Each structure stands twice: as structure tokens, then as C-alpha cells.
Amino acid sequence: QVQLVESGGGLVQPGGSLRLSCAASGSIFSINVMGWYRQAPGNERELVATITRDGRTNFADSVKGRFTISRDNAKSTVNLQMNRLKPEDTASYYCNARTSLGPFYENDYWGQGTQVIISS
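Residues numbered from 1 in each chain as written. Predicted model: local features only at pLDDT ≥ 70, side-chain atom pairs only at ≥ 80, totals over all residues. Heavy atoms only, no water.

**A word on the overall build of the chain**
What the chain contains, in helices and strands, is zero helices and 11 strands. Helices (α) and strands (β) of the chain occur, in sequence order from the N terminus, as β-β-β-β-β-β-β-β-β-β-β. The C-alpha radius of gyration computed for the chain amounts to 14 Å, which stays within 12% of the reference 14 Å derived for 120 residues, consistent with globular compactness. Across the 120 residues of the chain, 42% fall into the buried class. Taking the contacts inside the chain whose residues are at least 6 apart along the sequence as the reference set, 54% of them involve residues at least 24 apart. Here the chain displays about 6,500 Å² of accessible surface, and carbon together with sulfur accounts for 48% of that area. (Helix = DSSP H or I, 4+ residues; strand = E, 2+ residues; numbered from the N terminus. Rg over C-alpha atoms; globule rule 2.2 N^0.38 Å. Buried < 20%, exposed > 50% of the residue type's maximum accessible area, 1.4 Å probe, protein only. Contact = heavy atoms within 4.5 Å. Areas by Shrake-Rupley, 256 points an atom, 1.4 Å probe, with all protein chains shown as cover.)

Encoded structure:
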């Protein structure tokens, strides 16, 4: 099993930047994809960005060009650098890890979430 702990959330003004970090522990050898999702009140949880073990990334259209995701396999961490933040980025951000022990054996793990508030 995998445990995920997020940090770095907070309050920032529109146009500002924030960096989120997620540390994984447990069966980290089995983690294939890590990423960030977010959920605003009244909304479904949505993908923000993902990154595979070999560095392939995927971004939601709403954050493309503003956010970057990086991964340190040695430290088992994933980071989300958020730039030019907008009020609509306000949400709880959740770290995700997908483990893979074979092509038909996958599990998803989630962190506790960290709050990001973009406000003047």
C-alpha cells in the first residue's frame, strides 16, 4: 500500500504562484503514475496533471501553460508548480498515485488534500 502526504497549500492573490508537494511512502516501488487532482465545492474531482515514472506528463486544458508537474523518483515525491493563478483554481488539491504490479493489477491511492485559495 501507498501513503501520500500533501503540503504547500495556502492563500495567494490572483496572478501569484504556489508550489504543492506530495511525498509517498509504503510500497513506492509499485507506483507508476503520480498526479494531482482538485475538487471545488459543488464540483466533481477533476484531473489537474499527471506524470509517469519516465516523465511523460498530461495536463488539464484549464491549467496547461500555467502549471508544471515534476517528479523525483529517488525521493518518491511529486510537485505541482502553479503559476498565474486564477480564482477558478481555488479548490482542494489531492495527490494521487497509481500502482501497477502488472497490466491488469492497478490501484489508486489518495492524499488527504491541501487547500488552495486564490483571492484578492
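**Concerning the nonpolar core**
Residues Leu4, Met34, Trp36, Leu80, Met82 and Tyr93 are the most contacted members of the largest nonpolar core, which totals 29 residues. Among the secondary structure elements, those contributing two or more residues to this core are strand 1 (2-7), strand 3 (18-26), strand 4 (31-39), strand 5 (46-52), strand 7 (67-72), strand 8 (77-82), strand 9 (91-102) and strand 11 (114-118). Here Tyr93 is in contact with Glu6, Leu20, Trp36, Tyr37, Arg38, Val48, Phe67, Leu80, Met82, Gly113, Thr114 and Val116, once residues within four sequence places are set aside. (Core = buried A, V, L, I, M, F, W, Y, C linked by side-chain atoms within 4.5 Å.)

**Overview of the side chain of Thr99**
Of note, Thr99 is situated in strand 9. Residue contacts for Thr99: discarding those within four places in its chain leaves Val2, Ser30, Ile31, Asn32, Tyr105, Glu106, Asn107 and Tyr109.

**So, the pairing of strand 9**
Here eight bridges tie strand 4 to strand 9, and the two strands are oriented antiparallel to one another. The residue bridging Val33 from the neighbouring strand is Arg98, located in strand 9. As defined by bridge partners, strand 9 adjoins strand 11 across three bridges and the pair is classed as antiparallel. Residue Ser92 lies in a different strand from strand 11, and its bridge partner there is Gln115. (Pairing = 2+ DSSP bridges.)

**Considerations on the sheet that holds strand 1**
With respect to topology, four strands assemble into an open sheet ordered 1-3-8-7, the strand pairing being antiparallel. The open sheet has two edge strands, strand 1 and strand 7, and neither has a second partner. Averaged over all adjacent pairs, the angle separating strand axes in this sheet is 15 degrees, with direction ignored. As defined by bridge partners, strand 7 adjoins strand 8 across six bridges and the pair is classed as antiparallel. Bridge pairing links Thr68 to Gln81 in strand 8. (Axes fitted to C-alpha atoms, helices over the stretch in contact; angles between N-to-C directions.)

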